[in-house]
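Letter by letter, the chains look like this.
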Amino acid sequence: MLAHQTISTIRIEDYSVAKSDQTDQLKGKKLRFGIVGCGAIGPTHAGALAQIEDAQLVAVADLIPQRASELAAKHGVTEIYSNGDDLIASDNVDVVSLCTPSGMHADAAIKALRAGKHVVVEKPMAISLADCDRMIAAERETGKKLTVISQHRFDPASITVKRLIDSGQLGKIILAEGSVKWWRTQEYYDSGDWRGTWRWDGGGALMNQAVHTVDVLQWLVGDIKRVYALTRTSAHERIEVEDIAVFTIEFASGAIGTFTGTTAAYEGFPARMDLFGTDGSAIIEADSIKQITLKNGQSQVHQQAAGHAINVARGGTASVKNEASQPRASADPGAVWGDAHRTQLLNFIHCIHCGDKPLIDGAQGRKPVAVVLGVYESARIGKPVDIF
Ligand SMILES: NC(=O)c1ccc[n+]([C@@H]2O[C@H](COP(=O)([O-])OP(=O)(O)OC[C@H]3O[C@@H](n4cnc5c(N)ncnc54)[C@H](O)[C@@H]3O)[C@@H](O)[C@H]2O)c1
């Protein structure tokens, strides 16, 4: 029997932070971070960095001066720029966090890598595979580290299920379902010129919102080989992109699955992944374990849904901003929005110091972008599409 105790004490350290002896060596060597883009998600990075001993936020940049100055004031930052390029050029910055619209990620990331900085880039890595490949090439050429934010890989629930799969306890995964039935208001799409555009958002419900779950699903089950999709724009106006995407999945392992990603499901429901193996089943809902049942031990775990997951399902980036930068209220690292960002940044800092590969480097960050673009192509041509 896999008891609740066992499941809740899965070690996040294995996937994330430096071991304690290495942490000791790093004391006094704070990495200096600069954040480019102080809109909805920039403050989450600042809040996460404030809780990391080995990091210091030293610079912020935004085209909208008030956004940069407000974030700077909150975190005691004195280096304030009105353009990301100037921050990237600063000698005081070791690591650049790119929190700008998705279609701007690639050029800025390459510029920062070539300027000798390590780079944290928000999801999606970029909105074309050519751009992802340019970023991967710059990562390789410069020897600097790149990580793409996909914070839900660092949720304790994701790590728990990953370990169950990797240790063979679920058997061979044969069926997987991903579901992101979120709600975004028309005001959300109207709130930024870039939102809902092909040029800067790179897609809709799938590229912007459900890409998180696409990434975690393919990380857990393995590479996605082929998709067959339908997309619609059904509940919003003045957007170029889809607000509903459904597709079938063939995984390289032979498993099959389905996925629904939407921002048209009023009033928003927590994201969910259902995984079925030959030896058991695991369900993650609202970033928490909903149920794990193993053939050999009838184990079951139910956890309370994390409140932030429900807010994000319903409220969009406004709720992200409101909950960003809050101090941790609980020992459960998944309990507060932004904490998984902290864990991913810890993994990145560890890798910068120790030379290891970040859990989500350029090659990993490319994978969900390839799937999402494959879905769009499949919906366009009405045929299954292979993912490369
Ligand atoms: N990991 C997550 O959960 C999560 C959540 C929300 C957004 N995101 C991602 O973060 C990125 C930003 O999203 P957002 O919702 O914060 O957008 P936003 O529009 O709220 O903020 C983006 C900010 O970047 C600024 N900006 C644009 N170009 C700039 C430049 N050249 N120099 C300096 N500042 C510049 C804009 O003025 C704006 O304030 C997107 O790629 C999005 O997909 C990730």
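Fair warning: this is a prediction, and the values are worked out from it, not measured in the lab.

Parameters and conventions
Residues numbered from 1 in each chain as written. Predicted model: local features only at pLDDT ≥ 70, side-chain atom pairs only at ≥ 80, totals over all residues. Helix = DSSP H or I, 4+ residues; strand = E, 2+ residues; numbered from the N terminus. Contact = placed C-beta atoms within 7 Å. Near = placed C-beta within 6 Å. Nonpolar A, V, L, I, M, F, W, Y, C, P; charged D, E, K, R; others polar. Domains from an automatic or database assignment. Buried ≥ 20, exposed ≤ 12 C-beta atoms within 10 Å, placed from the backbone. Core = buried A, V, L, I, M, F, W, Y, C linked by C-beta atoms within 7 Å.

## Description of the environment of V372
Part 1 of the argument: In this structure, V372 sits in helix α14 (residues 362–381).
Part 2 of the argument: Taking the C-alpha atoms as reference points, V372 and L206, 166 residues apart in sequence, are found 6.5 Å from one another.
Part 3 of the argument: Once residues lying within four places of it in the same chain are set aside, the contact partners of V372 are G203, L206, M207, V211 and V214.

## What to know about the site of the ligand
Part 1 of the argument: If you check the shell around the ligand, you find 26 residues, and the closest are G37, G39, A40, G84 and E122.
Part 2 of the argument: Class assignment for the residues of the shell around the ligand results in twelve nonpolar, ten polar and four charged.
Part 3 of the argument: Both domains that furnish three or more residues to the shell around the ligand are identified here as domain 1 (12–151 + 355–361) and domain 2 (152–323 + 367–386).

## Describing the environment of I41
Part 1 of the argument: Looking at where I41 falls in the secondary structure, it is placed in the loop between β1 (31–36) and α3 (42–50).
Part 2 of the argument: Take I41: there are 22 C-beta atoms within 10 Å of it, and that puts it in the buried class.
Part 3 of the argument: Spatially, the C-alpha atoms of I41 and E122 are 8.6 Å apart, while their sequence positions differ by 81 residues.

## Thoughts on the nonpolar core
Part 1 of the argument: Within the largest apolar cluster, 103 residues are counted, with the highest numbers of intra-cluster contacts made by A109, V372 and V375.
Part 2 of the argument: Tallying contributions element by element places helix α10 (residues 205–221) first for this core, with eleven residues.
Part 3 of the argument: Formed jointly, this core draws a minimum of three residues from each of two domains, domain 1 (12–151 + 355–361) and domain 2 (152–323 + 367–386).

## Considering helix α6 (residues 105–114)
Part 1 of the argument: Here α6 lies mainly inside the structure; seven of its ten residues are buried.
Part 2 of the argument: Where α6 terminates, the next one or two residues include G116, which has phi positive at roughly 90°.

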